[in-house]
2 protein chains.
Amino acid sequence: MTAITASEEIVLEQPCPIRDVLDRIGDQWSLLILEALAPGTLRFNALMREIGDISKQMLSRTLKQLEQDGFVTRTLYPEVPPRVEYTLTPLGRSFLEPMQQLVAWADAHHRTIVAARLQYQASQT
Amino acid sequence: MTAITASEEIVLEQPCPIRDVLDRIGDQWSLLILEALAPGTLRFNALMREIGDISKQMLSRTLKQLEQDGFVTRTLYPEVPPRVEYTLTPLGRSFLEPMQQLVAWADAHHRTIVAARLQYQASQT
DNA sequence: AATAAACGGTCTAAAATGTAGACCTTGGGG
DNA sequence: CCCCAAGGTCTACATTTTAGACCGTTTATT
């Protein structure tokens, strides 16, 4: 029996729908995980290797949130050793489109941003 | 004279351009700030009021990063009390388009996500 | 036979990050 | 003389993230 945490209480009743959604996607790892799952189903450790520098705990936690919000499904095959597969839901796949736009923008403007950083550094003498 | 921090060293040489960009906008506040600036120039305190629940420090820090990366300009009018205006650059405005797509998606699918959360809770007995 | 590795996690301690709120500056109004 | 304004910075505290040990079971290696 665990205590009720704040995060469990905010399931309902977020004042601003956009904030509500962006707060979930706009963390360190969610976008990366969704991008990794875009090509298809992956297992837990495969996902870890794919992303490279995420800790088990954060992968586990973020996947749980994504599952909770309906972006991915978690399927446990009770073999031994256990196999767990993560797959995008239709909702998750529908999110891919705006996300890919974002990724495309990032790719297209990366050089501009790097240039801005250099110029900023120079301006700071 | 300040010590050289890690954050100052990563100005160059990010292995993955997409990660590089997403790591900057995929934090708690950047998207919210850019959205707040979308309609036009705002002063520091106006921005604070607009966002509502951001601390001064995080607003200051995030604005500095956005300025560094070329998304916004900071204009200081040396009056007293000082006036500081933040405005989107062309780069920042160009980012608005993919971001609005994301916002539109969030708005459109918010109900589905809330429903998923409820169903998840129910499934957890 | 003992050892190690793989799977998908959880747990804990320590490090990093975020928050709230005091404080700073400079000039004007009461 | 004291306080207020704006746009921050600084400090102490709270929360979040990380690194890494550990778990239980089975197969592979030595």
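A quick note: this is a predicted structure, and the numbers were derived from the prediction, not measured.

Explain the UniProt feature "domain: HTH hxlR-type" (unreviewed entry) in chain A here, please?
Per the UniProt record, the feature "domain: HTH hxlR-type" (unreviewed entry) sits at residues 16-114 of chain A. Taken as a whole, residues 16-114 of chain A contains 64% helix and 14% strand, while its terminal C-alpha atoms sit 33 Å from one another.

What exactly am I supposed to notice about the relation of the copies chain A and chain B here?
What connects the two chain copies is a rotation about an axis and a shift along it. Placing chain A over chain B gives an RMSD of 0.0 Å and needs a rotation angle of 180 degrees, together with 0.0 Å of translation along the axis. One copy is carried onto the other by what is essentially a two-fold rotation axis. Among all residues of chain A, the one whose C-alpha sits closest to the rotation axis is A:Gly26, at a distance of 2.4 Å. Mapped onto chain B, 100% of the interface residues of chain A again fall at the interface, so both copies present the same surface.

So what exactly am I meant to see when it comes to the protein's contact with DNA strand C here?
Every one of the 20 residues lining DNA strand C counts as a neighbour, but A:Lys56, A:Ser60, A:Arg74, A:Tyr86 and B:Met58 are closest to it. Of all DNA strand C atoms lying within 4 Å of any protein atom, the proportion belonging to sugar or phosphate reaches 65%. A distance of 3.3 Å separates a phosphate oxygen of DNA strand C from a polar atom in the side chain of A:Lys64. Broken down by secondary-structure element, the contributors of at least two residues to the surface near DNA strand C are α4 (44-51), α5 (56-68) and β3 (83-88) of chain A together with α5 (56-68) of chain B. Looking at the surface near DNA strand C, the element that brings in the most residues is α5(A), giving four residues. Its residues placed into classes, the surface near DNA strand C shows eight nonpolar, five polar and seven charged.

Which parts of the structure should I look at to understand the sheet that holds strand β1 (residues 42-43) of chain A?
Sheet strands line up and pair through hydrogen bonds in the backbone, either parallel or antiparallel. Residue and element names in this part refer to chain A. Read across the open sheet, the three strands follow the order β1-β3-β2; overall the sheet is antiparallel. Pairing within the sheet leaves two strands with one partner each, and these edge strands are β1 and β2 (72-77). Here β2 runs beside β3; their pairing, made up of six bridges, is antiparallel. Across the sheet, Tyr-77 pairs through a bridge with Arg-83, a residue of β3.

Scoring rules and cut-offs
Residues numbered from 1 in each chain as written. Chains lettered and ligands numbered in written order. Predicted model: local features only at pLDDT ≥ 70, side-chain atom pairs only at ≥ 80, totals over all residues. Heavy atoms only, no water. UniProt positions renumbered as here; feature names shortened; annotations may be inferred. Helix = DSSP H or I, 4+ residues; strand = E, 2+ residues; numbered from the N terminus. Least-squares fit on C-alpha atoms with pLDDT ≥ 70 in both. Contact = heavy atoms within 4.5 Å. Near = heavy atom within 4 Å. Polar contact = N/O pair within 3.5 Å; in protein donor to acceptor, adjacent residues only side chain to side chain. Nonpolar A, V, L, I, M, F, W, Y, C, P; charged D, E, K, R; others polar. Pairing = 2+ DSSP bridges.

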